[in-house]
Amino acid sequence: MTAGHIKFNWIRYIGFAEDLLKTIPKDGDDEVRERCGISRAYYGAFHRAKSYLNGIGISVDINGSDSHKKVISEFKNIGKSNALWRGIGLDLDRLRIQRKKADYYERYFTDIERNCKLRTELELAVEKARCVVERIYEIEEQERYR
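Residues numbered from 1 in each chain as written. Predicted model: local features only at pLDDT ≥ 70, side-chain atom pairs only at ≥ 80, totals over all residues. Heavy atoms only, no water.

### Things to note about the overall build of the protein chain
Here is step 1: Tallying secondary structure elements over the protein chain gives 5 helices and 0 strands in all.
Here is step 2: Scanning the protein chain from its N terminus toward the C terminus, one meets helices and strands in the order α-α-α-α-α.
Here is step 3: Expected size for 146 residues packed as a compact globule is a radius of gyration near 15 Å; at 16 Å, the protein chain falls within 12% of this value.
Here is step 4: Projecting the C-alpha coordinates of the protein chain onto the three principal axes gives extents of approximately 50 × 45 × 30 Å.
Here is step 5: Among the 146 residues that make up the protein chain, the fraction classed as buried is 42%.
Here is step 6: Partitioning the contacts of the protein chain with sequence separation of at least 6, the portion at a separation of at least 24 is 67%.
Here is step 7: Carbon and sulfur atoms provide 49% of the accessible area of the protein chain, an area that totals close to 9000 Å².
Here is step 8: One finds the centroid of the 28 positive side-chain charges in the protein chain at a distance of 3 Å from the centroid of its 24 negative side-chain charges. (Helix = DSSP H or I, 4+ residues; strand = E, 2+ residues; numbered from the N terminus. Rg over C-alpha atoms; globule rule 2.2 N^0.38 Å. Buried < 20%, exposed > 50% of the residue type's maximum accessible area, 1.4 Å probe, protein only. Contact = heavy atoms within 4.5 Å. Areas by Shrake-Rupley, 256 points an atom, 1.4 Å probe, with all protein chains shown as cover. Lys, Arg positive; Asp, Glu negative; His and termini not counted. Charge placed at Lys NZ, Arg CZ, Asp CG, Glu CD.)

### Here's the deal with the nonpolar core
Here is step 1: Ranked by size, the top nonpolar core spans 36 residues in total, and within it Leu53, Val71, Phe75 and Leu92 carry the most contacts.
Here is step 2: Every element with two or more residues in this core is listed here: α1 (11-22), α2 (31-55), α3 (67-78), α4 (83-104) and α5 (118-144).
Here is step 3: The contact partners of Phe75, leaving out residues within four places of it in the chain, are Ala49, Tyr52, Leu53, Trp85, Arg86, Ile88, Gly89 and Leu92. (Core = buried A, V, L, I, M, F, W, Y, C linked by side-chain atoms within 4.5 Å.)

### Quick look at the environment of His47
Here is step 1: Within the secondary structure layout, His47 lies in helix α2.
Here is step 2: Separated by 33 residues in the primary sequence, His47 and Ile14 have C-alpha atoms spaced 11 Å apart.
Here is step 3: When residues no more than four places from it in sequence are discounted, the contact partners of His47 are Trp10 and Ile62.

### Regarding the confidence of the model for the protein chain
Here is step 1: Mean pLDDT over the protein chain: 91, with 99% of residues reaching 70 or higher.
Here is step 2: Considering each helix and strand of the protein chain separately, the mean pLDDT is smallest for α3, with a value of 89, and largest for α1, with 97. (pLDDT = per-residue confidence, 0-100.)

### Describing the side chain of Gln98
Here is step 1: Here Gln98 shows up in helix α4.
Here is step 2: A polar atom in the side chain of Gln98 sits 3.0 Å from the backbone oxygen of Glu121.
Here is step 3: Other than its neighbours up to four places away in sequence, Gln98 contacts Ile38, Tyr108, Glu121, Leu124 and Ala125. (Polar contact = N/O pair within 3.5 Å; in protein donor to acceptor, adjacent residues only side chain to side chain.)

### With respect to the environment of Asp103
Here is step 1: With respect to the element layout, Asp103 can be found in helix α4.
Here is step 2: Accessibility expressed as a relative area gives 36% for Asp103, which makes it partly exposed.
Here is step 3: With near-sequence residues (within four places) excluded, Asp103 lies in contact with Ser39 and Tyr43.

### Looking at the pattern of salt bridges
Here is step 1: The tally for this structure, following the rule as stated, stands at 13 salt bridges.
Here is step 2: Residue Arg33 is joined to Asp30 by a salt bridge in which the shortest nitrogen-to-oxygen separation is 2.4 Å.
Here is step 3: Since its relative accessible area comes to 34%, Arg33 is described here as partly exposed.
Here is step 4: Looking at Asp30, the relative accessible area reads 23%, which means it is partly exposed. (Salt bridge = Lys/Arg side-chain N within 4 Å of Asp/Glu carboxyl O.)

Next up, the structure:
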């Protein structure tokens, strides 16, 4: 089969973000790769979370201006009584903010943050995206043994 004809594995976006990170020297920067990586890490985690919700019967319409916040809210609301769910919601929210800055802001950092590095933001985005996926796997494992 050719690309686009089979169900896409969104987690591959996180791997792509990791691959981009590996191409940037530790003491260097590459704003295009860093911004793309942040965006892909978010979308990998977001779509994995959305797919999980859909799989357990929580249908989330991702069209519209607040569509991403709806997925995040589902995890935060259920997370009021479950730390794993809350962690997913919090990490997705942080990733969403990073992705929005990477995709839309001409300056990622404020003047106060002038010593911050975009590479560090990409590292954080990849770490948070991996945490989201790991927590979802953990929830799935718990459900399997109920």
